[in-house]
Amino acid sequence: DQPRSRGLGDVYKRQTLYVASAEYMQGSKFETIDRDKLLYEKIATPSTDSLLERKLVSSGRPWKEKETVLIAHPDSNIELEDNHLGEIWLMGKHVAKGYWNKADLNETLFNVFTVNTNRGPCFRTGDLGYLNSSGELFVVGRLKDMIILRGKNYAPHDIEATIQNCSTYIKPNAVLVFSYDDEKSENVIAIIEVRQKIGEEDILSMQETIKNSVNLEHEILLKDIVLVQKGQIPKTTSGKLQRQKCKQLYLDRKLKILSSKEAAYAIA
């Protein structure tokens, strides 16, 4: 995930414009970390087992003279040390003052302080990530989109990437994963758009491959794999997946779900 500005609406057009970037002509930098350490202990450490590794791309370094980027525990507001996974908080003159006429929301988003180091006021980005010992920022995902199972935090885009690679029938950037709690268990759902005609036998084979791949790579049993009509997966105008909106459509039974027979004649 590369740093990007996020729309605010109302009066303020941007919460912040700049967070971090790589040096000129530096190219992409990656870290290969231990997946289980990140999931269970929320610490980014080098991987020693290829089966448990996860590769993350650096978003670069913050502009230290103009801003401060820190990592805080999203519930306790404790500032965390390097390589510890938490919410990304920002300080600096480039950060907006808040939403127009939304004082309560601004107090919780734009005027927070760390409880152990008393740094602030900070803006809570809602992004999950960490700073390594070299000051490089790594973004793992959006807090509200994270899937929590058995004490582990799973980034949905990792699962989506696994599914995307399972079949050439799956339309690019048209896999969306979310979870919901039915008071009995946490259920993980995959919503998929197919890109061309696909036979019923191929559908069953693809669904089985997806279930097995997700279970093998992430130790997650998918509750449901849903095929939908073209354009049913909601996206922003720039093409970003809207997981929370899709989740609500699914729970409200407003997605146009394809049966196996219908999917056999779907054309993307």
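Residues numbered from 1 in each chain as written. Predicted model: local features only at pLDDT ≥ 70, side-chain atom pairs only at ≥ 80, totals over all residues. Heavy atoms only, no water.

## With respect to the overall build of the chain
So, step 1. Each helix and strand in the chain was counted, giving 6 helices and 11 strands.
So, step 2. The contacts in the chain between residues at least 6 apart in sequence include a share of 62% that link residues at least 24 apart.
So, step 3. Roughly 15000 Å² of accessible area belongs to the chain as shown, and the carbon and sulfur atoms make up 48% of that amount. (Helix = DSSP H or I, 4+ residues; strand = E, 2+ residues; numbered from the N terminus. Contact = heavy atoms within 4.5 Å. Areas by Shrake-Rupley, 256 points an atom, 1.4 Å probe, with all protein chains shown as cover.)

## Quick word on the pairing of strand S6 (residues 137–142)
So, step 1. Counting buried positions along S6 yields 5 of 6 residues, so the element is predominantly enclosed.
So, step 2. The hairpin turn running from strand S5 (residues 123–131) into S6, its antiparallel successor, is 5 residues long, and Gly-135 in that turn takes a positive phi close to 85°. (Buried < 20%, exposed > 50% of the residue type's maximum accessible area, 1.4 Å probe, protein only. Pairing = 2+ DSSP bridges.)

## Points about the pattern of salt bridges
So, step 1. Counting across every chain of the model gives 12 salt bridges.
So, step 2. Between Arg-243 and Asp-145 there is a salt bridge, with its nearest N and O atoms 3.4 Å apart. On the criterion of sequence distance, the pair formed by Arg-243 in helix H5 (residues 243–251) and Asp-145 in the loop between S6 and strand S7 (147–149) is long-range, its members being 98 residues apart. (Salt bridge = Lys/Arg side-chain N within 4 Å of Asp/Glu carboxyl O.)

## Some remarks on the sheet that holds strand S3 (residues 67–72)
So, step 1. Judged by pairing direction, the sheet is antiparallel, and its 4 strands sit side by side in the order S3-S4-S5-S6 without closing on themselves. Of all strands in the sheet, those bounded by a partner on one side alone are S3 and S6. Shown here is a sheet whose adjacent strand axes are inclined to one another by a mean of 50°, direction ignored.
So, step 2. In the sheet, S5 pairs with S6 via 5 bridges, with the strands oriented antiparallel. Counted as the bridge partner of Asp-127 is Arg-142 from S6. (Axes fitted to C-alpha atoms, helices over the stretch in contact; angles between N-to-C directions.)

## A short note on H5
So, step 1. Buried within H5 are the following residues: Arg-243, Cys-246 and Tyr-250. One side of H5 holds all its buried residues, which, seen down the axis, span an arc of 65°.
So, step 2. Summarising the contacts, the buried residues of H5 are in contact with helix H3 (156–164), strand S9 (170–181), strand S10 (186–194) and strand S11 (224–228).
So, step 3. Looking one or two residues beyond H5, the residue adopting positive phi is Arg-253, at roughly 60°. (Arc of directions from axis to C-beta.)

## A short note on helix H4 (residues 200–218)
So, step 1. If you check H4, its first and last C-alpha atoms are 27 Å apart, about what 19 residues at 1.5 Å a residue would give, namely 27 Å.
So, step 2. The set of residues buried in H4 consists of Ile-203, Met-206, Gln-207, Ile-210, Ser-213, Val-214 and His-218. One side of H4 carries all its buried residues, which in axial view fall inside an arc of 135°. Exposed side of H4, more than 90 degrees from the buried face: Glu-201, Leu-204 and Leu-216 are the residues found there.
So, step 3. Where H4 terminates, the next one or two residues include Glu-219, which has phi positive at roughly 60°. (Expected span 1.5 Å × (residues − 1).)

## Here we look at the sheet that holds S11
So, step 1. Strand order in the open sheet formed by 3 strands is S9-S10-S11, with mixed pairing between adjacent strands. Both edges of this open sheet fall to S9 and S11, since each of them pairs with a single strand only. Strand-to-strand twist in this sheet, taken as the mean axis angle between neighbours without regard to direction, amounts to 25°.
So, step 2. Taken together, the 5 bridges between S10 and S11 define a ladder with parallel strand orientation. Paired with Glu-193 across the two strands is Val-228, which belongs to S11.
So, step 3. H4 contacts S9, S10 and S11 of the sheet and is inclined by roughly 135° relative to S11.
So, step 4. Packing against the sheet, H5 makes contact with S9, S10 and S11, and its axis sits at approximately 70° to S9.

## Observations concerning unusual backbone geometry
So, step 1. In this model, Gly-120 is joined to Pro-121 through a cis peptide bond whose omega is 0°.
So, step 2. Positionally, Pro-121 belongs in the loop between helix H2 (103–109) and S5.
So, step 3. Even without being a glycine, Asn-83 presents a positive backbone phi close to 70°.
So, step 4. Mapping Asn-83 onto the fold places it in the loop between S3 and strand S4 (86–92).

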